[in-house]
Amino acid sequence: MRPLRATRPTRSPRSVRPRRPRRRPAALLLAAAGALFSLALPASPVSAAPSAAAAPAPAPGALTPVAGALTPYDISTVYTAGVSSGGYLATQLHVAYSGTVSGSAAFASGPYDCAQGMLATALNACMDTLQDLRLAQLEQATRDRAAQGLVDPVANLADDPVYVFSGTRDTTVRQPVATALVDYYTHFGARVRYNRTTAAGHAWISPLGPNSCAVTQSPFLNDCGFDAEAEMLGHLLGPVSAPATQPSGALIRFDQNAYAPGGSAAALSMGDDGFAYVPASCAGGAKCSLMVALHGCKQGYAYQGFGTRFVEGAHLNEYADTNGMIVLYPQAAPTATLENPNGCWNWWGYLGDSAYARHGGKQIEAVMRMIGALRGSTPPPTGGTSVTLPSVDAQDGYVKAAADGSGAAVGTLEDLYGLALGRGTDGKVNRTLLSFDTSRVPAGKEITRAYLTVDRSGGAGDPWASPAGNRLLVDVRSGCFGGCAVEPADWAAPATVAGAAEFGPFFSGRAVSGDLSAAALAALNRGGTTQMRLGFAAAPPSIAYLFVNQSAPVTLTVEYR
């Protein structure tokens with residue numbers, strides 16, 4: 001489900017018929033998913049969630065966050081570590097950007113892209129063992145993505161240190177799932193250390209944790225009688241010095257909106273505030289490593305008053321002071337809808353982000369920008385670096401034709417159902433036309449990225465599987481395909497750049513396209529209108545279609561510098 005938005009004004013020549021709200025099957029599915037999330041998603045046990053009133057008072061010597069920004073330091077190596085949904089994201093970052101990330105640690109999570117964009121798989125194969133997670137298929141998918149340039153070369157993973165922890169009392173992410181992560185990395189030649197004998201529940205393991213080892217409950221920081229961080233860091237970094245008694249560095253609170261693609265952290269289910277712990281030695285110019293520490297569900301700063309308990313209880317800041325290590329703590333946040341109510345990291349493709357586990361994934365790219373800012377390899381954000389353009393209401397629409405393009409006509413059901421794609425009940429194949437005023441991109445700026453966002457408003461069947469492997473592509477035309485108003489000839493009119501981007505399968509809610517190609521960015525008309533045509537690469541042989549954006553325009557987000 002998505003927030004209600006204002007209905008577009010009545011327009012000519014089409015008339016808008018009154019509609020009453022209906023509870024569609026997709027909404028029912030999301031409601032069921034939300035019920036599951038509260039009980040079953042990583043770091044989301046059956047115990048009650050913490051409230052702001054229940055938050056403990058700061059411990060003596062607790063860090064006070066200081067507002068600031070991410071500035072460059074002399075960083076030699078980068079590692080990721082996380083628990084549960086954060087463990088999945090830590091692995092996604094490592095695999096997608098193994099040229100940057102030199103090793104990873106995962107508490108209570110499974111292999112790379114285990115969910116494959118499907119909620120049922122996430123629940124039944126990547127947390128429980130009710131479904132085969134198909135490890136060989138996941139490994140081959142990684143190799144295929146590397147061959148396509150969607151993740152960094154898999155050869156980078158060879159000899160990388162990886163630490164995996166799975167408690168024997170963890171019934172949220174079962175131990176065979178974590179063992180599959182070990183096998184996954186081992187097959188790519190990584191050096192894996194696996195702690196699988198501790199009687200721990202579902203949690204980050206830390207001597208600072210207030211919980212006993214075997215429980216699964218908030219704040220999901222468990223003391224198991226040993227120093228898991230010494231074990232983890234010793235494997236990732238090599239021999240480490242003993243931790244400081246109390247952290248003495250600076251905890252910087254920074255604005256995550258500055259690093260979120262599109263400029264809105266909330267749109268990615270991330271919080272406004274992120275944190276970075278910087279020891280005095282690193283601030284003074286010493287060469288340091290960087291650890292990206294990723295909390296689990298219900299552990300984010302913005303989740304019901306949870307605050308900085310993970311930041312302070314992970315037992316990383318103490319090691320940072322004595323081992324020259326900066327710790328970056330990005331923050332996920334809950335959505336107001338059932339997409340992600342517990343503030344989990346995106347490891348199953350919520351909010352329509354089909355690229356969530358590879359280059360272009362919204363959260364991955366946000367974290368990589370933070371890493372770049374700390375390493376000095378990404379210019380610091382200056383604000384105002386993107387613009388989101390709505391499609392021009394009077395010029396959008398759809399056209400339909402036979403599979404060979406004959407008998408083209410303008411579709412007439414947009415105001416009732418939305419913009420049509422795929423093969424309808426009349427046997428015609430539909431393509432959608434959109435117009436954008438790209439003159440609104442500031443003059444003199446270099447366009448670095450652009451993508452479309454749509455909202456599904458109905459449909460039937462699966463056009464991505466009809467035929468198998470079908471692709472929903474975006475064609476770009478500098479100017480208009482014909483006249484800027486939708487006309488039958490738009491169905492087959494030549495594009496300036498064909499197949500400039502692609503939408504992965506989505507069956508409810510919002511979806512974001514892949515990035516427009518470099519050629520398409522160059523084709524954006526800085527002096528006026530740019531049109532885009534959405535259509536499936538192959539005509540579905542039977543009824544399989546979807547409608548998008550019944551109640552609001554499609555948007556084009558353009559980033560620039």
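The rules behind the values
Residues numbered from 1 in each chain as written. Predicted model: local features only at pLDDT ≥ 70, side-chain atom pairs only at ≥ 80, totals over all residues. Heavy atoms only, no water. Helix = DSSP H or I, 4+ residues; strand = E, 2+ residues; numbered from the N terminus. Expected span 1.5 Å × (residues − 1). Buried < 20%, exposed > 50% of the residue type's maximum accessible area, 1.4 Å probe, protein only. Arc of directions from axis to C-beta. Contact = heavy atoms within 4.5 Å. Pairing = 2+ DSSP bridges. Axes fitted to C-alpha atoms, helices over the stretch in contact; angles between N-to-C directions. pLDDT = per-residue confidence, 0-100. Phe/Tyr/Trp six-rings, centres within 6.5 Å; stacked < 30°, edge-to-face > 60°. Lys NZ or Arg CZ within 6 Å of the ring centre and 35° of its normal. Salt bridge = Lys/Arg side-chain N within 4 Å of Asp/Glu carboxyl O. Disulfide = S-S within 2.5 Å. Parallel < 35°, antiparallel > 145°, perpendicular 65-115°, else oblique. Polar contact = N/O pair within 3.5 Å; in protein donor to acceptor, adjacent residues only side chain to side chain.

Caption draft 1: Quick peek at helix 4 (residues 135-147). In this model, helix 4 (13 residues) spans 19 Å end to end at C-alpha, consistent with the 18 Å of a helix rising 1.5 Å per residue. Turning to helix 4, its buried residues number three or more, namely L135, L138, E139, T142, R145 and A146. The arc enclosing the buried residues of helix 4, seen along the axis, measures out at 125°, which places them on a common side. Opposite the packed face of helix 4, turned more than 90 degrees from it, sit the exposed residues A136 and A147. Tucked inside the fold, the buried residues of helix 4 contact helix 2 (85-96) and helix 5 (175-187).

Caption draft 2: Representation of helix 2 in the model. Look at helix 2: 16 Å from first C-alpha to last across twelve residues, which is about the 16 Å you get at 1.5 Å a residue. A large share of helix 2 lies buried, amounting to twelve of its twelve residues. Among all positions in helix 2, only S85, G86, G87, Y88, L89, A90, T91, Q92, L93, H94, V95 and A96 are buried.

Caption draft 3: Quick look at the sheet that holds strand 10 (residues 273-278). In spatial order, the strands read 1-9-10-12-11-2-3-4-5; together these nine strands make up an open sheet with mixed pairing. Edge positions in the open sheet fall to strand 1 (66-67) and strand 5 (191-195), since each of these has one partner strand only. Relative to strand 11 (residues 288-294), strand 2 (residues 75-83) runs parallel, the two sharing six bridges. If you follow G82 over to strand 11, its bridge partner there is L294. Along the sheet, helix 6 (residues 228-237) contacts strand 2, strand 3 (101-107), strand 4 (161-165), strand 5, strand 11 and strand 12 (325-329); its crossing angle with strand 4, the most-contacted strand, is approximately 160°.

Caption draft 4: Broad picture of the confidence of the model for the protein chain. Mean pLDDT over the protein chain works out to 87, with 88% of the residues at or above the 70 mark. A low-confidence stretch, residues 1-61 stays under pLDDT 50, and its non-local contacts, those more than four residues away or across chains, total 121 contacts.

Caption draft 5: Just the packing of aromatic side chains, in detail. This structure, assessed with the given rule, holds 19 aromatic pairs. When the centroid spacing of 4.1 Å and the interplanar angle of 5° are considered together, the rings of Y88 and W347 count as stacked. Within this pair, whereas Y88 is found in helix 2, its partner W347 is found in the loop between strand 12 and helix 10 (362-375), the two being separated by 259 residues in sequence. Each residue in the set F107, Y163, F165, W204, F310 and Y329 is aromatic and connected to the rest through ring pairs, giving one cluster. R431 extends its terminal NZ or CZ atom over the ring of W491, reaching a point 3.6 Å from the ring centre.

Caption draft 6: Spatial organisation of the pairing of strand 9 (residues 250-255). Note that strand 1 and strand 9 share two bridges and pair parallel. In the sheet register, A67 faces strand 9, and the bridge partner there is R253. One ladder, built from six bridges, connects strand 9 with strand 10; its direction is antiparallel. Counted as the bridge partner of F254 is G274 from strand 10.

Caption draft 7: Highlighting the sheet that holds strand 7 (residues 211-212). Strand order across the open sheet formed by three strands is 6-8-7, with parallel pairing between neighbours. Taken across any chain shown, the strands that pair with only one partner, and hence form the sheet edges, are strand 6 (204-205) and strand 7. Relative to strand 8 (residues 221-223), strand 7 is paired through two bridges, and the arrangement is parallel. The residue bridging N211 from the neighbouring strand is N222, located in strand 8.

Caption draft 8: Representation of the pattern of salt bridges. Going through the model one piece at a time under the given rule, you end up with 14 salt bridges. Here the salt bridges share partners, and the residues they tie into one network are R369, R449, D515 and E559.

Caption draft 9: How the structure looks around the state of the cysteines. Enumeration over the complete set of coordinates arrives at five disulfides. Each disulfide pairs two cysteine sulfurs, and for C297 the partner residue is C344, the sulfurs being separated by 2.1 Å. Classification of the bridge connecting C297 and C344 rests on its S-S torsion, roughly 120°, and on that basis the disulfide is right-handed. In this pair, C297 sits in the loop between strand 11 and helix 8 (309-313) while C344 sits in the loop between strand 12 and helix 10, placing the two residues 47 residues apart along the sequence. Considered together, C297 and C344 belong to a single accessibility category, that of buried residues. A sulfur-sulfur distance of 1.7 Å marks the disulfide that ties C480 to C484. Looking down the S-S bond of the C480 and C484 bridge, the torsion is 75°, so its handedness is right-handed. Take C480: its relative accessible area is 13%, and that puts it in the buried class. Each bonded cysteine of the protein chain is numbered by sequence order, and under that numbering the disulfide pairs are 1-2, 3-4, 5-6, 7-8, 9-10.

Caption draft 10: Broad picture of the packing of helix 2 against helix 10. It is the contact of helix 2 with helix 10, at a shortest axis distance of 11 Å, that shows an interaxial angle of 75°. Between helix 2 and helix 10, the crossing angle belongs to the class labelled roughly perpendicular. Contacts between helix 2 and helix 10 involve L89, Q92, L93 and A96 from the former and Q363, I364, V367 and M368 from the latter.

Caption draft 11: Representation of the side chain of T557. For T557, the position within the fold is in strand 24 (residues 555-560). Polar side-chain contacts of T557 include one of 3.2 Å to the side chain of T388. Setting aside its immediate chain neighbours within four residues, T557 contacts G262, V387, T388, R449, A450 and Y451.

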